[in-house]
Amino acid sequence: MTTPVKNPETQVKRPDESLFKRLTRQQLFIPVAALVLLVLFNLIADPSFFAVSMKENSLGNPVLSGNMISVLDNASELVILAIGMTLVTASSGGQDISVGATMTIAGSVILRMVCGGQVTADTMQMNLFLAVFIGIVVTAFFGAFNGALVAYFNIQPMVATLIMYTAGRSIAAWINNNQLPIINDVAFKYAGTFLPGIPVPTPIFITILMIVIFWLVLKFTNLGLYTQSVGINPNSSRLNGINPKLVKLLTYVILGVCVAVAGYIRISRSGSINYSRNAENIEMDAILAVALGGNALSGGKFNIYGSILGAYVIQFLTTTLYKYEVPSTALPAYKAVVVILLVVLSAPVVREKLASIKKAPAKAVKEVA
Amino acid sequence: MKMKKVLGLTLAAALALSLAACGGNNNPPANNNPSSAGGTSSGTNTPDPAPTTGGELITVGVINNDPNESGYRTANDAAMRATFTEANGYKATFYNNNDAAQQIATAQQMVQDEVDFLLLSPASTTGWDTVLKDAQAAGTQVILFDRMLEADESMYAAAVVSDMPAEGKTAVDWLAAQGLSEYNIIHIQGHMGSDAQLGRTGALDEKVAAEANWNYVAQQTADWDEATARTIVQSVIDSKKPFNVIYAENNGMARGAVAALDAAGITHGKDGDVIVMGFDSDKWAFEAVLEGSWNYMGLCNPLQADTVDGIIKDLMAGKAPAQKIIYTPEQGFDCDTLTQADVDTYGT
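Each value, and the rule that gives it
- Residues numbered from 1 in each chain as written.
- Chains lettered and ligands numbered in written order.
- Predicted model: local features only at pLDDT ≥ 70, side-chain atom pairs only at ≥ 80, totals over all residues.
- Heavy atoms only, no water.
- Helix = DSSP H or I, 4+ residues; strand = E, 2+ residues; numbered from the N terminus.
- Buried < 20%, exposed > 50% of the residue type's maximum accessible area, 1.4 Å probe, protein only.
- Contact = heavy atoms within 4.5 Å.
- Core = buried A, V, L, I, M, F, W, Y, C linked by side-chain atoms within 4.5 Å.
- Axes fitted to C-alpha atoms, helices over the stretch in contact; angles between N-to-C directions.
- Parallel < 35°, antiparallel > 145°, perpendicular 65-115°, else oblique.
- Left-handed = near helix turned anticlockwise from the far one by under 90°.
- Nonpolar A, V, L, I, M, F, W, Y, C, P; charged D, E, K, R; others polar.
- 1 Å grid on protein atoms, 1.4 Å probe; cavity = no way out; pocket = protein on both sides within 12 Å on 5 of 7 lines; lining within 4 Å.
- Points joined across faces, edges and corners; volume = space filled by probe spheres on them.
- Salt bridge = Lys/Arg side-chain N within 4 Å of Asp/Glu carboxyl O.
- Pairing = 2+ DSSP bridges.
- Right-handed = clockwise from strand over helix to strand, strands pointing away.
- Patch = residues over 30% accessible without salt bridge, like charges linked within 9 Å, V, L, I, M, F, W, Y side chains within 5 Å.
- Areas by Shrake-Rupley, 256 points an atom, 1.4 Å probe, with all protein chains shown as cover.
- Lys, Arg positive; Asp, Glu negative; His and termini not counted.
- Charge placed at Lys NZ, Arg CZ, Asp CG, Glu CD.
- Polar contact = N/O pair within 3.5 Å; in protein donor to acceptor, adjacent residues only side chain to side chain.

Enquirer: Could you clarify how one ought to interpret the overall build of chain B in this entry?
Expert: Summing up its helical and strand segments, chain B has 11 helices and 12 strands in all. For chain B, with 348 residues in total, the buried portion stands at 57%. A sequence separation of at least 24 residues applies to 73% of the contacts in chain B between residues at least 6 apart.

This is the structure:
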């Protein structure tokens, strides 16, 4: 007689409980929750934040303008870096802290190529695609250097990439003989601003293209599976016929390619470079994006879409803070608060506690009902 | 076994860090001055403490900011490196860093190594008391170049500096002379606490406080960075606040601001809706003013090396400089009066 009474109760309770659990345990829970919070805050504080208007830029092109466009536009470099950083994190259980410096190297190489060694150039001295390709080759090489240190010399990723982190900006300055080159060719800036006649900032298209490429690669190749298995257990993946060293190296080379694309977008926004300030601290944002995406920084399973979402959340936060005129020097402090919250929230101890807290009120509600 | 591994890794990390600390902040030597002695690893190179008399080399320690921070600094650093060479009778050690604490530590090291002259472009105006006292005790003469610091005049032999407050005042006076009915200003500041920022901000702050029709739409530091300046202006444009003046404390930041204006189709410069103002001496910025794309550029002359050289030679001959503080000749240029001749004379 007791069983029929109990059964409906458990049947009602279980899906309800597991919904909460499923929600909080979802990898994308944190970035989505953060995004929702930011959207709500801006909606309440000033709904005009979301207004998008059509303007005409100085070249006479119609362009979209508004905070949301700025978020999507300015997040581009970060999103592209976050994709590469996720793979590196998953395979090697560590992060590359040299991406800001190598982005500067990519920018310096590309500028050197298109300026033809001059300090200021009014027209491009080299085919742009060739220049960008050379930039990609150079940073892929630096990626391979980092990857080799990590994979073949078993150096911790942070220590291995510390070399390029400190030396990278000097190398970038050296590439251009310590000059700050400037290119005034309008066509060079298409990638960082607008293509003629298209009102959406070009970086958004480049970012979408990169996301699609990685979606295809992860869908149709074994890269994702191999990266994950190497990250979880390099030894057992080796016994299963995967070369963990090669996979690690490969992820660093892929990150190098991402770095070049991001570096190209960054310099084509203005057509010049400032070696010591270019993409400063972007590595921290990239790592934060990976963490925000719910990826374990110790490697293994990963979700690049989480990192992409994380990157947009970070840019959303930055733009919001700028809108409310928080001094730009204080931005890192606000980001630090977010990091602390995230780290605490994603700690297993807190997650278990959270789950049990949520279970209790759910039970209480059921009993009252 | 495991402890050993951890220890080894920590040691390796420490080693990498200390290597990085020596190499990372020094710029690679510029191609045009291969003779600059000890130019690359000043952190560890101890200058020759031998006393210098007559034909022997004069030892100088040069503490400057990061040459990559801006075009101004690139020109400034290159001039110093080209002047203080063995061919000119100097044994020079160079150190570049934007961090005042690191500068101070290196300056102390140089004083201990008993350099004859310490040439200083401080990243911040305060915190130098101990260094100056130690230098005095050790008989090292301190010459400030480009930037001032807060200390009594007796603490240094000479200063060849840019008069930042005057630069700010010239710029603000020029702006006031434009006779706008209302000044809605986006103020983009440089590295907070630096002499250049304090001087250029001070004059504007004073005016905005004094006049009812002068307002800040935004006042933010971009730390001399172009990309940050662009973001700041973009954010103001997105929030649809009206503005008609951009007062950027260096040319790079003005350039970033203009990129944001261009993207939003806001006209600027001569006959434009927004007045654009920058500082320093970059040739491309002069050209922007000449084209009328910008309105004003406050010249800040980066070439103090020759003057400093002259002072040192005088001091060695026992002649004190006529004036303790020598201001480099500076002026403001606007798009109505700038000529190609000025660009060729002052552009770097």
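Enquirer: Help me understand the nonpolar core in this model?
Expert: Side chains of a nonpolar character, in soluble globular proteins, are inclined to be buried together. Judged by nonpolar contacts, the single largest core of 121 residues is most densely connected at Ile188, Phe243 and Ile246 of chain B. Residue contacts for Ile246 of chain B: discarding those within four places in its chain leaves Ile186, Ile188, Val233, Ala257, Leu261, Val274, Ile275, Val276 and Met277 of chain B.

Enquirer: Sorry, what's going on with the packing of helix 8 (residues 202-220) of chain A against helix 11 (residues 244-268) of chain A here?
Expert: Helices that pack against each other are described as a pair by the angle of their axes relative to one another and the distance between those axes. All names here are of chain A. In the contact formed by helix 8 and helix 11, the axes pass within 11 Å of each other and the chain directions differ by 170°. Relative to helix 11, the element helix 8 lies roughly antiparallel. Both helix 8 and helix 11 take part in a crossing whose hand is right-handed. Residue-level inspection shows Pro203, Ile206, Met210 and Phe214 of helix 8 in contact with helix 11, the latter providing Ile254, Cys258, Val261 and Ile265. Of the residues in the contact of helix 8 with helix 11, the class split is 8 nonpolar, no polar and no charged.

Enquirer: Any chance you could explain empty space enclosed by the protein here in plain terms?
Expert: Taking a probe equal in size to a water molecule and rolling it over the atoms shows the remaining empty space. Taken as a whole and assessed by the stated rule, the structure comprises 10 cavities of 30 Å³ or more. Its volume calculated, the largest cavity comes out at about 260 Å³. Taken together, 20 residues make up the lining of the largest cavity; nearest its centre are Asp73 and Phe194 of chain A together with Gln234, Ala260 and Ala263 of chain B. Split into classes, the residues belonging to the lining of the largest cavity amount to 10 nonpolar, 6 polar and 4 charged.

Enquirer: I keep staring at the pattern of salt bridges and nothing clicks. Help me out?
Expert: A side chain with one charge may pair with a side chain of the opposite charge, provided their charged atoms come close. Applying the stated criterion across every chain yields a total of 17 salt bridges over all chains. Of the charged contacts, one joins Arg147 of chain B and Asp146 of chain B as a salt bridge, the two residues approaching to 3.7 Å between their closest N and O atoms. The salt bridge partner of Lys270 of chain B is Asp336 of chain B, with a shortest N-O separation of 3.6 Å. Of this pair, Lys270 of chain B sits in the loop between helix 8 (251-264) and strand 9 (275-280) while Asp336 of chain B sits in the loop between strand 12 (332-334) and helix 11 (340-346), placing them 66 residues apart in sequence. Assessed through its relative accessible area of 55%, Asp336 of chain B is described here as exposed. It is possible to trace a salt-bridge network through shared partners that takes in Asp73, Glu77, Arg266 and Arg269 of chain A.

Enquirer: So what exactly am I meant to see when it comes to the packing of helix 4 (residues 76-92) of chain A against helix 13 (residues 304-323) of chain A here?
Expert: Residue and element names in this part refer to chain A. Relative orientation of the contacting elements helix 4 and helix 13 amounts to 145°, with a least axis distance of 9 Å. In the crossing of helix 4 with helix 13, the sense of the turn from one axis to the other is right-handed. Of helix 13, the residues touching helix 4 (which contributes Leu78, Val79, Ala82, Ile83 and Thr86) are Ile304, Ser307, Ile308, Ala311, Tyr312 and Ile314. Its residues placed into classes, the contact of helix 4 with helix 13 shows 9 nonpolar, 2 polar and no charged.

Enquirer: How do you make sense of the sheet that holds strand 6 (residues 183-189) of chain B when you look at a structure like this?
Expert: Note: strands within a sheet are paired through backbone hydrogen bonds, in either parallel or antiparallel orientation. Residues and elements named next belong to chain B. Strand order in the open sheet formed by 6 strands is 7-6-8-9-10-12, with mixed pairing between adjacent strands. Unpaired on one side and paired on the other, strand 7 (214-221) and strand 12 mark the two borders of the sheet. For this sheet, the mean inter-axis angle between neighbouring strands, taken without regard to orientation, is 15°. Pairing of strand 6 with strand 8 (residues 245-248) involves 4 bridges; the strand directions are parallel. Paired with Ile186 across the bridge in strand 8 is Ile246. Helix-sheet contacts for helix 8 involve strand 6, strand 8, strand 9 and strand 10 (296-299), and the interaxial angle to strand 9 is about 155°. Where helix 9 (residues 283-291) meets the sheet, its contacts fall on strand 10 and strand 12, and the angle it forms with strand 10 comes to roughly 145°.

Enquirer: Mind showing me how you'd approach the pairing of strand 8 of chain B here?
Expert: Walk down a regular strand and you will see the side chains alternate between the two sheet faces. All names here are of chain B. Residues Val245 and Tyr247 of strand 8 are buried on one face, and the alternating residues Ile246 and Ala248, pointing to the opposite face, are buried as well. Across 3 bridges, the pairing between strand 8 and strand 9 is parallel. What sits directly across from Ile246, in strand 9, is Val276. Following the backbone out of strand 8, through helix 8 and into the adjacent parallel strand 9, one traces a crossover that is right-handed.

Enquirer: When you look at a negative patch on the surface in this model, what are you seeing that I'm missing?
Expert: Taken together, the side chains of Asp122 of chain A together with Glu287, Glu291 and Asp344 of chain B present a region of like negative charge at the surface. Note on placement: Asp344 of chain B falls in helix 11.

Enquirer: Sorry if this is basic, but what is going on with the side chain of Glu226 of chain B here?
Expert: Along the chain, Glu226 of chain B turns up in helix 7 (residues 226-238). Of note is the side chain of Glu226 of chain B, whose polar atom sits 3.4 Å from the side chain of Arg255 of chain B.

Enquirer: Where do I start with a nonpolar patch on the surface in this structure?
Expert: Residue and element names in this part refer to chain A. Together, Ile208, Val212, Trp215, Leu216, Phe220 and Tyr305 line one region of the surface with nonpolar side chains, adding up to about 590 Å² of accessible area. Per-element tally for the nonpolar patch: the top contributor is helix 8, with 5 residues. Among the secondary structure elements, Trp215 is positioned in helix 8.

Enquirer: What exactly am I supposed to notice about the side chain of Lys248 of chain A here?
Expert: Residue and element names in this part refer to chain A. Relative to the elements of secondary structure, Lys248 occurs in helix 11. No salt bridge is formed by the buried Lys248, whose closest oppositely charged neighbour, Asp96, lies at an N-O distance of 14 Å. Those residues in contact with Lys248 that lie beyond four places of it in its chain are Ser91, Ser92, Val150, Ala151 and Val230.

Enquirer: I would appreciate a short explanation of the sheet that holds strand 1 (residues 58-64) of chain B in the present structure.
Expert: Residues and elements named next belong to chain B. Strand order in the open sheet made by the 6 strands is 2-1-3-4-5-11, with parallel pairing throughout. Looking at which strands have only one partner, the edges of the open sheet turn out to be strand 2 (90-96) and strand 11 (325-327). The mean angle between the axes of side-by-side strands here comes to 15°, regardless of whether they run parallel or antiparallel. Sheet topology places strand 4 (residues 141-146) next to strand 5 (residues 158-161); 4 bridges connect them, and they run parallel. Within strand 5, the position partnered with Leu144 by the bridge is Ala159. Running over the sheet, helix 3 (residues 100-112) touches strand 1, strand 2 and strand 3 (117-120) and is turned about 170° from strand 1.

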